[in-house]
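Observations on the model geometry
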Amino acid sequence: MRTPLLAGNWKMHCTPTETAALIQELRASLGDYDQREVLVAPPFTALATAATELDGSGILLAGQDLHWEDSGAFTGEIAGPMLTAVGCSHAIIGHSERRQYFGETDGRVALKIRAALRNRLVPIVCVGETLEERESGQMTDVIERQVRGALGALDARSIGSSVLAYEPVWAIGTGRVATPDQAQEVHAAIRALLGEIADADAAASCRILYGGSVKPDNVDTLMAQPDIDGALVGGASLKAKDFARIVHFQS
Ligand code: PGA
């Protein structure tokens, strides 16, 4: 019922020339796939090149962030209408690297989600606990605070069509992946929370991706979990063959 979404977050990697080469290799490696959505999020400066290279492929394009206003005196920022104009259909919001290094707060995440929805961009909203928070028993509270802070004021329809990404901070870029059971437990808890914040339909249709060291050799068991609806992939999305294998997960 929920179409799996396999999303590549390229982070601060790839010039336009490198982007063109990676997308060409990805298209060649991917071959045919159906009943799943594939998305890439290159850096802002490579989005136009990416849009050209993706033409006719069906692969979706996302910005890695956006500003909460649609225009204005915000030096260095990128607005929703700019992402839409360059061909993006999605925007990643509240990635833990933005929360950790750039002071992203739950309040700003909520504003950015509104900006995305206003501009017909599907928000991919990232939540997740640090190792310290997990080990001190605060995981559930932290994730609930992040999910409520991000989506709490939205109507059920918007929540149902949004994408969440559960990314335990300790699993990002570390090679230390959450076990399928650990991930499933949190995904199920998030879905139950969505039922409280919105309603049962929204909870059932909102896709919840797992992120954090997803690789070809662990994607199958993760995707076999009932509440894991896709993956947000960092490092492995920069290798065309690895990402293609992730897209072709078997479960
Ligand atoms: P990773 O990154 O796959 O390199 O761990 C995931 C992410 O940050 O979205």
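Structure: see above.
Model, not experiment: these values are computed from the prediction. Counting restarts for each chain, with residues numbered from 1 along the sequence as it is written. In keeping with the predicted nature of the model, local features appear solely for residues at pLDDT of at least 70, side-chain atom pairs appear and are counted solely at 80 or more, and the whole-chain, interface and lining totals rest on all residues. Hydrogens and water molecules were not included; the side-chain quantities draw on all heavy atoms of the structure.

What the largest pocket holds in volume is close to 500 Å³. Here a cavity denotes grid points, spaced 1 Å and computed from the protein atoms alone, that fit a 1.4 Å probe unable to get out, and a pocket denotes an open set having protein on both sides within 12 Å along at least 5 of 7 lines; residues with an atom within 4 Å of a point are the lining. Along the wall of the largest pocket there are 18 residues; nearest its centre are K11, M12, Q64, R98 and F102. Residues were grouped as follows: Ala, Val, Leu, Ile, Met, Phe, Trp, Tyr, Cys and Pro as nonpolar; Asp, Glu, Lys and Arg as charged; and all remaining residues, including Gly, as polar. Across the lining of the largest pocket, the residue classes break down as nine nonpolar, four polar and five charged. Put simply, the second largest pocket is a space of about 210 Å³. Classifying every residue of the lining of the second largest pocket by side-chain character gives seven nonpolar, nine polar and three charged. Grid points are joined across faces, edges and corners, and a volume is the space filled by probe spheres set on the points.

Axis definition: a line fit to C-alpha positions, over the contact stretch in the case of helices; interaxial angles, taken between N-to-C directions, run 0 to 180 degrees. A helix here means a DSSP run of H or I that spans at least four residues, while a strand means a run of E at least two residues long, and both kinds are numbered starting from the N terminus. The contact between helix α5 (residues 106-118) and helix α7 (residues 139-151) brings their axes to 7 Å, and the two run at 40 degrees. One element, α5, and the other, α7, form an angle in the oblique class. In the packing of α5 onto α7, the handedness of the crossing is right-handed. Contacts between α5 and α7 involve D106, V109, A110 and I113 on the former and, on the latter, R145, Q146, G149, A150 and L151. Any angle from 65 to 115 degrees is called roughly perpendicular, while one under 35 is roughly parallel, one over 145 is roughly antiparallel, and all others are oblique. Here a crossing is taken to be left-handed if its near helix is turned anticlockwise relative to the far helix by less than a right angle, and right-handed if that turn runs clockwise. Throughout, a contact is declared for two residues whenever any of their heavy atoms are within 4.5 Å.

Only Phe, Tyr and Trp rings take part, Trp by its six-membered ring, and two of them pair if their centres are within 6.5 Å. Stacked means planes under 30 degrees apart, edge-to-face means over 60, and tilted covers everything else. This structure, assessed with the given rule, holds two aromatic pairs. Comment: the charge-over-ring label is applied if NZ (Lys) or CZ (Arg) is within 6 Å of the ring centre and within 35 degrees of the ring normal. A cation over a ring is seen here: R36 above F249, with NZ or CZ 4.0 Å from the ring centre. Here the basic side chain of R98 rests over the ring of F102, its NZ or CZ set 4.2 Å away from the ring centre.

Attention shifts here to the environment of F74. Its place among the elements puts F74 in the loop between β3 (60-63) and α3 (80-86). Exposure remark for F74: the relative accessible area of 34% places this residue in the partly exposed category. Here the alpha-carbon distance between F74 and P180, two residues 106 residues apart in the chain, equals 41 Å. Accessibility here uses a 1.4 Å probe with only protein chains present; expressed as a share of the type maximum, an area under 20% marks a residue as buried, one over 50% as exposed, and anything in between as partly exposed.

We now examine unusual backbone geometry. Positive phi, normally seen in glycine, also occurs at K11, with a value near 55 degrees. In this fold, K11 is placed in the loop between β1 (5-9) and α1 (16-30). A positive phi angle, near 55 degrees, is found at Q35, a position not held by glycine. As for its position among the elements, Q35 is in the loop between α1 and β2 (37-41). Given a relative accessible area of 68%, Q35 falls into the exposed group.

By convention in these notes, a residue is near a molecule or strand provided one of its non-hydrogen atoms lies within 4 Å of it. Around the ligand there are 13 residues in total, and K11, H95, E167, G173 and S213 lie nearest to it. Interatomic distance of 2.7 Å between a side-chain N/O atom of H95 and an oxygen atom of the ligand. Burial of the ligand by the surrounding chains reaches 97%, relative to a free accessible area of 280 Å². Across the shell around the ligand, the residue classes tally to four nonpolar, seven polar and two charged. Two N or O atoms form a polar contact when they lie within 3.5 Å of each other; inside protein one atom must be a possible hydrogen donor and the other a possible acceptor, and for residues adjacent in sequence the pair counts only when both atoms belong to side chains. Here the Shrake-Rupley method, with its probe set to 1.4 Å, supplies the accessible areas, and only the displayed protein chains count as covering residues.

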